[in-house]
Amino acid sequence: MTSLIQISTRSNNYVIDPFLLWNDLWRLNEPFTNPKILKVLHACPTDSAYLRRDFGVHLVNVFDTQNASIVLRDLMSAKNSNLSLTQPKKTLNFERTTLLSLVKNFCDVSLNKEFQTADWAQRPLPHDLLNYAAQDTHYLLKCYDHLREEILGRKPETLLEIYDDACFSLAKQLRPKKPTSHSPDIAGQIYKARVTVARVLDENVRECFPSNDVKAIAEALDIRNEKQILAL
């Protein structure tokens, strides 16, 4: 269940308590589906799935900074692509593609992840948690600016692919899932466990383990409980 919604613009940060507005948050569809407004998210598929499930909110025109980080990391590792267009104070390090790493690279700020596993359903939320929540989106637009400039300086056509990938990921979530030979309960529990692990590590779910591995595990094991999977 979604316990908090954070939205940042170029000038303001907003932390929304969905418990008070649950039946009205569908109204976010007006700006969120407006193709003229760019939405920047980190790990877009996860957040968009919760928004759609809990509030019927959809996203149009999205840039996923985590996917862009992976693309930039690959471009930087390519031959003759070691120079940074923006020439930051220190060398970019994309060994990990977490929001923590992204903000450190481009904003020289070390985000405090102390409250990542806090009880976000408690009310009222302590001031420290509210500040933490606001910081989670505060730097995203600045990171987007840097990512866009870095990628344009290396391989401009790749930027369009990032936008397309985000759109494809969102569209894919709306497709009915095909039946599989393994138990859907097993696969569902493994996918759920993968999201849990990714959130704890602040990592892309695909970086934790790919979907093909999920299918292979589901074929090989008869596990019905997420705790059993996490225990592996």
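Not measured: the values here are computed from a predicted model.

A. Region of interest: helix H6 (residues 127-138). The end-to-end C-alpha separation of H6 is 16 Å, in line with the 16 Å expected for twelve residues at 1.5 Å each. Taken residue by residue, H6 has Leu129, Tyr132, Ala133, Ala134 and Thr137 as its buried positions. As for H6, its buried residues are in contact with strand S1 (5-8), strand S2 (13-16) and helix H7 (140-154).

B. Geometry of the side chain of Thr65. Structurally, Thr65 is set in helix H4 (residues 65-77). Within polar-contact distance, the side chain of Thr65 engages the side chain of His42 at 2.7 Å. Not counting chain neighbours up to four residues away, the residues in contact with Thr65 comprise Val40, Leu41, His42, Leu102, Leu140 and Leu147.

C. Spotlight on the packing of H4 against H7. Look at H4 against H7: their axes get within 10 Å of each other, and the N-to-C directions meet at 35°. At the point where H4 passes H7, the crossing takes the left-handed sense. Contact residues: Thr65, Ala68, Ser69, Leu72, Leu75 and Met76 in H4; Leu140, Leu147, Glu150, Ile151 and Arg154 in H7. In terms of residue class, the contact of H4 with H7 is made up of seven nonpolar, two polar and two charged.

Calculation criteria
- Residues numbered from 1 in each chain as written.
- Predicted model: local features only at pLDDT ≥ 70, side-chain atom pairs only at ≥ 80, totals over all residues.
- Heavy atoms only, no water.
- Helix = DSSP H or I, 4+ residues; strand = E, 2+ residues; numbered from the N terminus.
- Expected span 1.5 Å × (residues − 1).
- Buried < 20%, exposed > 50% of the residue type's maximum accessible area, 1.4 Å probe, protein only.
- Contact = heavy atoms within 4.5 Å.
- Polar contact = N/O pair within 3.5 Å; in protein donor to acceptor, adjacent residues only side chain to side chain.
- Axes fitted to C-alpha atoms, helices over the stretch in contact; angles between N-to-C directions.
- Left-handed = near helix turned anticlockwise from the far one by under 90°.
- Nonpolar A, V, L, I, M, F, W, Y, C, P; charged D, E, K, R; others polar.

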